[in-house]
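Understanding the architecture of this molecule
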Amino acid sequence: MTGITRLRDFVVGFHRLLDQSPDEPRILREGGALLAQLVAHDDWLPEAFARPDPTYYQQHLLYADASERFSVVSFVWGPGQATPVHDHTVWGLIGMLRGAEISQGYGPDADGRWQPQGAPVHLRPGQVEAVSPRVGDVHQVRNALADQVSVSIHVYGANIGAVARHTYPAEGGRKRFVSGYSNAVLPNLWDRSAEVRARAA
């Protein structure tokens, strides 16, 4: 199996999982295993969805369920790029495809200012991390590499680009934001014509 087939099979598998109405722990456990299978191979992501921007990290939509139960995105990190401290408000799975990234969890101190909490998580290719309001939802993420691009694949329990979320400034409080997406086109997961022709030959 090569190319976009891997992503299509992942999407189909995730649909089947959610069709069983699982609880969040099962989604994170079984969905995380599906994502680990996907990011174990770095031969399927089209180049258009792995291209960095010199100024900002990029969030490319790869797939969104029609009922917005889940979405799949590629995060592309230029050297040294990082997010602000932010939340998600829904469950999420992060799988490292290429390069490396560091995720630092945050929590409020006695004055309501958000401070690093716990040890940072260093993700390398093939590894998966979970976030949610239940297991820990506020973090900052950065490219662990100062001299190359990193790419991670994220799955969220919503159309994440249209979710009202928050950033957490160092001075305290929070600010609302909606991330949107960096791309204007989607990968074509559903053109199976070459496979059908090959079987018919």
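Now for a description of the structure that goes with this document. (Residues numbered from 1 in each chain as written. Predicted model: local features only at pLDDT ≥ 70, side-chain atom pairs only at ≥ 80, totals over all residues. Heavy atoms only, no water.)

**Considerations on the side chain of His86**
So the rule is basically this: Helix and strand assignments come from DSSP, with helices taken as H or I runs of at least 4 residues and strands as E runs of at least 2, each series counted from the N terminus. Between N or O atoms, a polar contact is any pair within 3.5 Å; within protein, one atom must be a potential hydrogen donor and the other a potential acceptor, and residues adjacent in sequence are included only when both atoms are from side chains. Contact definition: two residues touch when any of their heavy atoms are within 4.5 Å.
Along the chain, His86 turns up in the loop between β2 (71–77) and β3 (92–98). Among the polar contacts listed, one links the side chain of His86 to the side chain of Thr83, at a separation of 3.4 Å. Engagement of the side chain of His86 in a polar contact is seen with the side chain of His88, the distance being 3.4 Å. Setting aside its immediate chain neighbours within four residues, His86 contacts Asp137, Val138, His139, Val141, Arg165, His166, Thr167, Tyr168 and Phe177.

**Topic: the pairing of strand β9 (residues 150–156)**
The criterion, for reference: Here the term buried applies to any residue with accessible area under 20% of the maximum for its type, exposed to any over 50%, and partly exposed to those in between, with areas from a 1.4 Å probe on protein chains only. Should DSSP find at least two bridges between two strands, the strands are taken to pair.
Most of β9 is tucked away: seven of the seven residues are buried. Taken together, the seven bridges between β2 and β9 define a ladder with antiparallel strand orientation. Pairing of Phe75 across the sheet is with Ser152, part of β9. One ladder, built from six bridges, connects β3 with β9; its direction is antiparallel. Across the sheet, Gly95 pairs through a bridge with Ile153, a residue of β9.

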